[in-house]
Amino acid sequence: MSEYAERTTAGATHSGSDPAERLRDVLTFPYRSYLYSYPHKTAYRELNPPIPLQSLWEKEDTETYFLYMHIPFCAARCGFCNLFTLPDKRQDSHEQYVDALERQAKQWAPVTSRRPYSRFAIGGGTPTLLNETQLSRLFDIAEHTMGLDASQASISVETSPDTVTDGKLSILKERRVDRVSMGIQSFIEAEASAIYRPQKPQEVERALEKLVRHDFPLLNLDLIYGLPGQTEETWMYSLERVLAYNPGEVFIYPLYTRENTIVKPEDIQRQGPDIRMQLYKVARELLKSKGYTQYSMRRFAKEQSSAKALLPYSCQEEGMVGLGCGARSYTSEVHYASKYGVTYKATQSIIADYVGTERYDVADYGIVLSRDEQKRRFILKALLHREGLMLSAYQERFGTDAMFDYPWLNELLVEEMACFDVEEIEQVLRLTENGLGYSDAIGDWLISADIREQMEGFVFS
């Protein structure tokens, strides 16, 4: 998924203003917040005046775009989730939503048709909660309305064990889906129950057997460590069960609790000592021993090849066209989306507004990135992944030196969280193995004071 700094209810604070002191502070408590893109949607505000999409996108000069569709429906809300999702199985709700998404696509297609799509992802929520007719419609909208060429784009779809059927998987196969991602979180029924996930191990195994039979180019499986009642033994059992299916990609996530999640911080604290770092390290070593390469704190993958002639796409995720309520769109200077909510009432209201809207041709809620925030985002998106921050790429993009602009990056070298690697003639600032394990804390440290203030001022509704 399809990638923001999110504050936890622990209310992370940074003592003092000295960069070294702040870095040591966040490294002491590595699980106070996490970052999967920047800036987070809680920093978005009303754009006044709204920006016409035509003028916004005609300035983009990236070679390709990323097409994303957001399906906000789930069968149930998991105890750790504070994403933009709504528990709603009603097929009429799904149909009305896809009607609105198609209406939006028809208005956006002329605006974003200047570039081909190199990536296409359907996320949520649970896209495969839709019936086969509505699921097929999403691909029709992508191809016939938005102009996606499935032969040259990497296509990814999220699913869940309870929604995996042969009929739906056949649709994904026919539509040339390259990557299917399924959240499992745990093979232990008591652990799944502790995070309010109505899931039995037999159901997970059944879904996995179907996925393996359909033989998608890439199978991604997700697990969570730090669950209530979880031990190193049960965590390793879940990992071993995942590895038995030989997925090409494994994501491991630490458990976070935040405002409006069902699982609360006290549910974790009463378990005793925090063993999340311990669980992360044993998982990392096991995955490496099984031939997986670590690409980030969460992502471990085997070498992949594609039968398609894929178009290139920037890791900076600019040129992301997000269709659907809750989807974010990224241009180089403006990020925008629908309004943000977490609770059932707020999410339901926002979706109702989206479904009832006739025009989607302006960006009216988002953030205009200053030059400093563009630089900081570039650093974050590069540094927190295995590829690292190529200093020449930063220089080419912004005309300045990253280490001169942000001298406090040297603190990562002092703390042995990063090192300089030389690849041919390129100098790359790259997190060490230890640094990758603290990526969430480092991401928290890198957030600007202005963005932090906006995020902390957000009231979840």
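Residues numbered from 1 in each chain as written. Predicted model: local features only at pLDDT ≥ 70, side-chain atom pairs only at ≥ 80, totals over all residues. Heavy atoms only, no water.

Undergrad: Residue-level account of the overall build of the protein, with values.
TA: Summing up its helical and strand segments, the protein has 18 helices and 20 strands in all. A compact globule built from 461 residues would reach a C-alpha radius of gyration of about 23 Å, and the protein, at 21 Å, matches this within 12%. About 18900 Å² of surface is accessible on the protein, with carbon and sulfur atoms providing 50% of the total. Positive and negative side-chain charges in the protein, numbering 52 and 67 respectively, have mean positions lying 3 Å apart. (Helix = DSSP H or I, 4+ residues; strand = E, 2+ residues; numbered from the N terminus. Rg over C-alpha atoms; globule rule 2.2 N^0.38 Å. Areas by Shrake-Rupley, 256 points an atom, 1.4 Å probe, with all protein chains shown as cover. Lys, Arg positive; Asp, Glu negative; His and termini not counted. Charge placed at Lys NZ, Arg CZ, Asp CG, Glu CD.)

Undergrad: Can you lay out unusual backbone geometry for me, pointing to particular residues and giving the numbers?
TA: Cis geometry is adopted by the peptide bond preceding Pro49, which originates at Asn48 and carries an omega value of 5°. Tracing the backbone shows Pro49 in strand E3 (residues 45-52). Backbone torsion omega between Gly124 and Gly125 reads 20°, so that peptide bond is classified as cis. Counting through the fold element by element, Gly125 comes out in the loop between strand E7 (117-124) and helix H4 (132-145). At Asp215, a residue that is not glycine, the phi angle is positive and equals roughly 55°. Residue position: Asp215 is located in the loop between helix H7 (201-214) and strand E10 (218-225).

Undergrad: Could you give an account of the nonpolar core, with specific residues and numbers?
TA: One finds Ile252, Leu409 and Ile442 to be the most contacted residues of the largest nonpolar core, which totals 130 residues. If one sorts the elements of this core by residue count, helix H3 (residues 91-112) sits on top with eight residues. Beyond its immediate stretch of four places on either side in the chain, Ile442 contacts Leu27, Leu384, Leu412, Met417, Leu431 and Gly435. (Core = buried A, V, L, I, M, F, W, Y, C linked by side-chain atoms within 4.5 Å. Buried < 20%, exposed > 50% of the residue type's maximum accessible area, 1.4 Å probe, protein only. Contact = heavy atoms within 4.5 Å.)

Undergrad: Explain the confidence of the model for the protein residue by residue, including any values.
TA: Taken residue by residue, the protein gives an average pLDDT of 89. The fraction at 70 or more is 90%. Here residues 1-16 scores under 50 on pLDDT; set against residues more than four positions off or in separate chains, the count is 69 contacts. (pLDDT = per-residue confidence, 0-100.)

Undergrad: Talk me through the pattern of salt bridges; I want residue IDs and the actual numbers.
TA: Counted by the stated rule, this structure contains 26 salt bridges. Its salt-bridge partner being Glu358, residue Arg103 comes within 3.9 Å of it at the nearest N-O pair. One end of the pair, Arg103, is in helix H3; the other, Glu358, is in the loop between helix H11 (344-356) and strand E17 (362-368), with 255 residues separating them in the sequence. Close ionic contact of Asp361 with Arg359 constitutes a salt bridge, the shortest N to O distance being 3.0 Å. One network of salt bridges, in which partners are shared, links Arg284, Glu285, Lys288 and Glu433. (Salt bridge = Lys/Arg side-chain N within 4 Å of Asp/Glu carboxyl O.)

Undergrad: Account for the sheet that holds strand E18 (residues 389-390), naming residues and giving values.
TA: Ordered by their spatial adjacency, three strands build an open sheet running E18-E20-E19, and the pairing between neighbours is antiparallel. Single-partner strands in this sheet number two, and they are E18 and strand E19 (418-423). Judged from the two bridges that link them, E18 and strand E20 (residues 426-431) form a sheet pairing that is antiparallel. In the strand pairing of E20, Met390 is matched with Val428. (Pairing = 2+ DSSP bridges.)

Undergrad: So, the pairing of strand E8 (residues 154-159): which residues are in play, and what are the values?
TA: With five of six residues buried, E8 lies mostly within the body of the structure. Note on the crossover from E7 through H4 to E8: the handedness is right-handed. Sheet topology note: the E8/strand E9 (residues 179-185) ladder contains four bridges and is parallel. Residue pairing across strands places Glu158 opposite Ser181, the latter belonging to E9. In the classification by handedness, the crossover that spans E8, the intervening helix H5 (residues 166-174) and the parallel E9 is right-handed. (Right-handed = clockwise from strand over helix to strand, strands pointing away.)

Undergrad: Go over the environment of Gln199 with me, naming the residues and quoting the values.
TA: Here Gln199 is to be found in the loop between helix H6 (189-194) and H7. C-alpha separation for the pair Gln199 and His214, spaced 15 residues apart in sequence, amounts to 22 Å. Dropping the residues within four chain positions of it, Gln199 is found in contact with Pro161, Gly183, Ile184, Ser186, Glu189, Ala192 and Val204. In this structure the side chain of Gln199 is engaged in a polar contact, spanning 2.9 Å, whose partner is the backbone oxygen of Ile184. Of the polar contacts made by the side chain of Gln199, one reaches the backbone oxygen of Ser186; its length is 3.3 Å. (Polar contact = N/O pair within 3.5 Å; in protein donor to acceptor, adjacent residues only side chain to side chain.)

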